[in-house]
Amino acid sequence: IKNAELVDIHGRRNGSILIEGGLIVDTDYKGNHKGHLVIDGSGYTIMPSFIDMHTHLRDPGFEYKEEMKTGMNAALKGGYTHLSAMANTNPIIDNVDGIVGNINKSKKLNLCDFTQYCALTKDFGNEFVDVKELVKYTKVFSNDGKTILEEEVMREGLRLSRKLGFLIATHSEPEVEIIERDLKLLREIPGNLHICHVSEKRAIDLIRNAKREGLHFSCEVTPHHVFGYDIQYKVSPPFGKKSDHQAIIDGIKDGTITLCGTDHAPHSKEDKENGSPGISNIEVAFSMYWKVFSEEGIALEKLSQMMSYEPARLLQLNCGEIKLGREANLVFVDEKKEMTIDINNFVSKSNNNPFHGRKIKGQVLMTMKRGEIKYDYR
């Protein structure tokens, strides 16, 4: 890839990327191009492709909302090459067969790379899954969609996460109360905690203070909570007020919030009309984020850190930065392009998104996984 402007956690610079065997082997290549496929990067910004720690693919059991193939095609259109699918399917994924079944399905599709969350408890109840066996197949556990309300379950979950080396991603409702409880438990039991979709000012203040104390954990925000507020559209957690929105921006700026997820939650039209919470957003997530980041004076390098580097670090993936030896998982964007969200052009099965017609910024033009072009708009 010649004549490229590269942006990642390490900054913004010019370069030419040489890819061999799916890996980045040079970022300032000046040699002979003979025998290589050459892509001219002039006019594009090239970033590490995006990694989603929080996706709902609805597969198995809810394929009328989304299935793995349509969700992954939507993700590739949005610049994502790795998805982490939550376990609130039908049946709930709380056993080896469920995890392996979806992993094998993703391999056959050969679209996005894939991590399958496992439920922490059987059928989202109070009895733990066989974590010791299941960590052989996944290192991420979550009852997302349902809050772990029993304090003793969360306490034991944190203890197991430290002992067996896995991550617990938590759904917190009521947000402030549950996050406060989990941080209290984390002070007693230094487990591996990831707090999903923070959205309230008081919760962000709690997280900031806990990090200043020296507690180690991660947390994420979503595109829709960054993009909008005071909206009567059902998502979980709900859209906040302007003060909550400002707290999110401040939390991004000062490093309190470390990661950008999507919480892509597709639904049928009928399910939304019947009150199902969720938003379909993965194919416009980058552009929703970049619209707000650019307006708030937050650098694209910071967005790359939160959409690529940090999730790669948490999932222990060999990508997320443009660096020698990393997988050539890249996204080409026109960072200056202004567009509007058009839900009629979504490739997801679902287009439940309240921002139809709203302006966004930054167009994904090409998505590459280990040097293979998986999406090309150019």
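Scroll up to find the structure.
Residues numbered from 1 in each chain as written. Predicted model: local features only at pLDDT ≥ 70, side-chain atom pairs only at ≥ 80, totals over all residues. Heavy atoms only, no water.

Asker: Describe the overall build of the protein chain, and please don't skip the residues or the numbers.
Answerer: In terms of helices and strands, the protein chain carries 11 helices and 16 strands. The globule rule puts the C-alpha radius of gyration for 378 residues at 21 Å, and the 20 Å found for the protein chain is close to it. Taking the principal axes of its C-alpha atoms as reference, the protein chain extends roughly 60 × 45 × 45 Å. When burial is assessed residue by residue, the protein chain has 58% of its 378 residues classed as buried. (Helix = DSSP H or I, 4+ residues; strand = E, 2+ residues; numbered from the N terminus. Rg over C-alpha atoms; globule rule 2.2 N^0.38 Å. Buried < 20%, exposed > 50% of the residue type's maximum accessible area, 1.4 Å probe, protein only.)

Asker: Residue-level account of the state of the cysteines, with values.
Answerer: Following the criterion strictly, the structure yields 0 disulfides and no others. In this model cysteine 219 remains outside any disulfide bridge; the closest cysteine sulfur is found in cysteine 196, 10 Å from its own. Cysteine 260 takes part in no disulfide bond, and the closest cysteine sulfur, belonging to cysteine 219, lies 10 Å away. (Disulfide = S-S within 2.5 Å.)

Asker: Describe in detail helix 5 (residues 175-188), supporting the description with residues and values.
Answerer: The end-to-end C-alpha distance of helix 5, which contains 14 residues, comes to 20 Å, matching closely the 20 Å that a straight helix rising 1.5 Å per residue would cover. Among all positions in helix 5, only Glu175, Val176, Ile178, Ile179, Arg181, Asp182, Leu183, Leu185 and Leu186 are buried. Buried positions along helix 5 lie against helix 4 (151-164), strand 10 (167-170), strand 11 (193-195) and helix 6 (201-213). (Expected span 1.5 Å × (residues − 1). Contact = heavy atoms within 4.5 Å.)

Asker: Quick rundown of the packing of aromatic side chains? Include the residues and the values.
Answerer: All told, the structure shown has 7 aromatic pairs when counted by the stated rule. With 6.0 Å between their ring centres and 70 degrees between their planes, tyrosine 44 and phenylalanine 332 make a pair best called edge-to-face. Of this pair, tyrosine 44 sits in the loop between strand 4 (23-26) and strand 5 (45-48) while phenylalanine 332 sits in strand 14 (residues 330-340), placing them 288 residues apart in sequence. For phenylalanine 332, a relative accessible area of 0% puts it in the buried group. Judged by centre distance (6.0 Å) and plane angle (90 degrees), the ring pair of phenylalanine 239 and phenylalanine 355 falls under edge-to-face. (Phe/Tyr/Trp six-rings, centres within 6.5 Å; stacked < 30°, edge-to-face > 60°.)

Asker: Tell me what's going on with the pattern of salt bridges, and back it up with residues and numbers.
Answerer: Side-chain pairs of opposite charge can arise where the charged atoms are in close proximity. A complete count under the given rule lists 30 salt bridges for this structure. Put simply, Glu151, Glu152, Arg155, Lys184 and Glu188 are held in one network by salt bridges that share partners. (Salt bridge = Lys/Arg side-chain N within 4 Å of Asp/Glu carboxyl O.)

Asker: Go over the pairing of strand 14 with me, naming the residues and quoting the values.
Answerer: Both faces of the sheet carry side chains from a regular strand, because those side chains alternate between them. In terms of strand pairing, strand 5 meets strand 14 through 4 bridges, oriented antiparallel. Within the sheet, the bridge partner assigned to methionine 47 lies in strand 14 and is valine 331. Bridge count for strand 14 against strand 15 (residues 359-369) is 8 bridges, and the pairing is antiparallel. Across the sheet, residue threonine 340 finds its bridge partner in strand 15, namely lysine 359. (Pairing = 2+ DSSP bridges.)

Asker: Requested: an account of the environment of lysine 337, with residues and values cited.
Answerer: Positionally, lysine 337 belongs in strand 14. Measuring from C-alpha to C-alpha, the distance between lysine 337 and glycine 362 comes to 5.0 Å, with 25 residues separating the pair along the chain. In this structure, lysine 337 is in contact with Ile360, Lys361, Gly362 and Gln363, ignoring residues within four places of it in sequence.

Asker: Quick one: what's the story with the environment of lysine 184, residue by residue and with numbers?
Answerer: Relative to the helices and strands, lysine 184 resides in helix 5. C-alpha separation for the pair lysine 184 and leucine 120, spaced 64 residues apart in sequence, amounts to 20 Å.

Asker: Tell me about the sheet that holds strand 8 (residues 113-116), and please be specific about residues and values.
Answerer: With parallel pairing, the 3 strands of this open sheet are ordered in space as 6-7-8. Edge positions in the sheet fall to strand 6 (50-55) and strand 8, since each of these pairs with one other strand and no more. Looking at each pair of strands side by side, their axes are set apart by 15 degrees on average, direction ignored. In the packing of helix 11 (residues 300-315) onto the sheet, contacts are made with strand 6, strand 7 (80-85) and strand 8, and the angle to strand 6 comes to roughly 65 degrees. (Axes fitted to C-alpha atoms, helices over the stretch in contact; angles between N-to-C directions.)

Asker: An account of unusual backbone geometry is requested, with residue identities and associated values reported.
Answerer: Of the consecutive residues aspartate 59 and proline 60, the connecting peptide bond is found in the cis state with omega at 15 degrees. As for its position among the elements, proline 60 is in the loop between strand 6 and helix 1 (68-77). Backbone torsion omega between serine 236 and proline 237 reads 5 degrees, so that peptide bond is classified as cis. If you check the backbone angles, asparagine 3 has positive phi at about 55 degrees while not being a glycine. Looking at the secondary structure, you find asparagine 3 in the segment before strand 1 (4-8). Positive phi, close to 60 degrees, is recorded for phenylalanine 124, a residue that is not glycine. Looking at where phenylalanine 124 falls in the secondary structure, it is placed in the loop between strand 8 and helix 3 (131-134).

Asker: Break down the sheet that holds strand 13 (residues 259-260) for me, with residues and values.
Answerer: A sheet is described by the order of its strands in space; here 5 strands give the open sequence 9-10-11-12-13, paired in parallel fashion. For this open sheet the edge positions go to strand 9 (140-142) and strand 13, each flanked by a neighbour on one side alone. The pairing of strand 11 with strand 12 (residues 218-221) spans 2 bridges and is parallel. Considered in strand 12, the bridge of isoleucine 195 is made with cysteine 219.

Asker: An account of the pairing of strand 4 is requested, with residue identities and associated values reported.
Answerer: By the bridge criterion, 3 bridges tie strand 3 (residues 18-20) to strand 4 in an arrangement that is antiparallel. Paired with isoleucine 19 across the two strands is isoleucine 24, which belongs to strand 4. Adjacent in sequence and paired antiparallel, strand 3 and strand 4 are bridged by 2 residues, among which glycine 21 carries a positive phi angle near 60 degrees.

Asker: I'd love a proper account of the packing of helix 5 against helix 6, names of residues and values included.
Answerer: Axis separation between helix 5 and helix 6 bottoms out at 9 Å; the angle between their running directions is 15 degrees. Put simply, helix 5 runs roughly parallel to helix 6. Here helix 5 runs over helix 6; the crossing is right-handed. Along its contact with helix 5, which presents Glu175, Val176, Ile179, Glu180, Leu183 and Arg187, the element helix 6 presents Arg202, Ala203, Leu206, Ile207, Ala210 and Glu213. Of the residues in the contact of helix 5 with helix 6, the class split is 7 nonpolar, no polar and 5 charged. (Parallel < 35°, antiparallel > 145°, perpendicular 65-115°, else oblique. Left-handed = near helix turned anticlockwise from the far one by under 90°. Nonpolar A, V, L, I, M, F, W, Y, C, P; charged D, E, K, R; others polar.)

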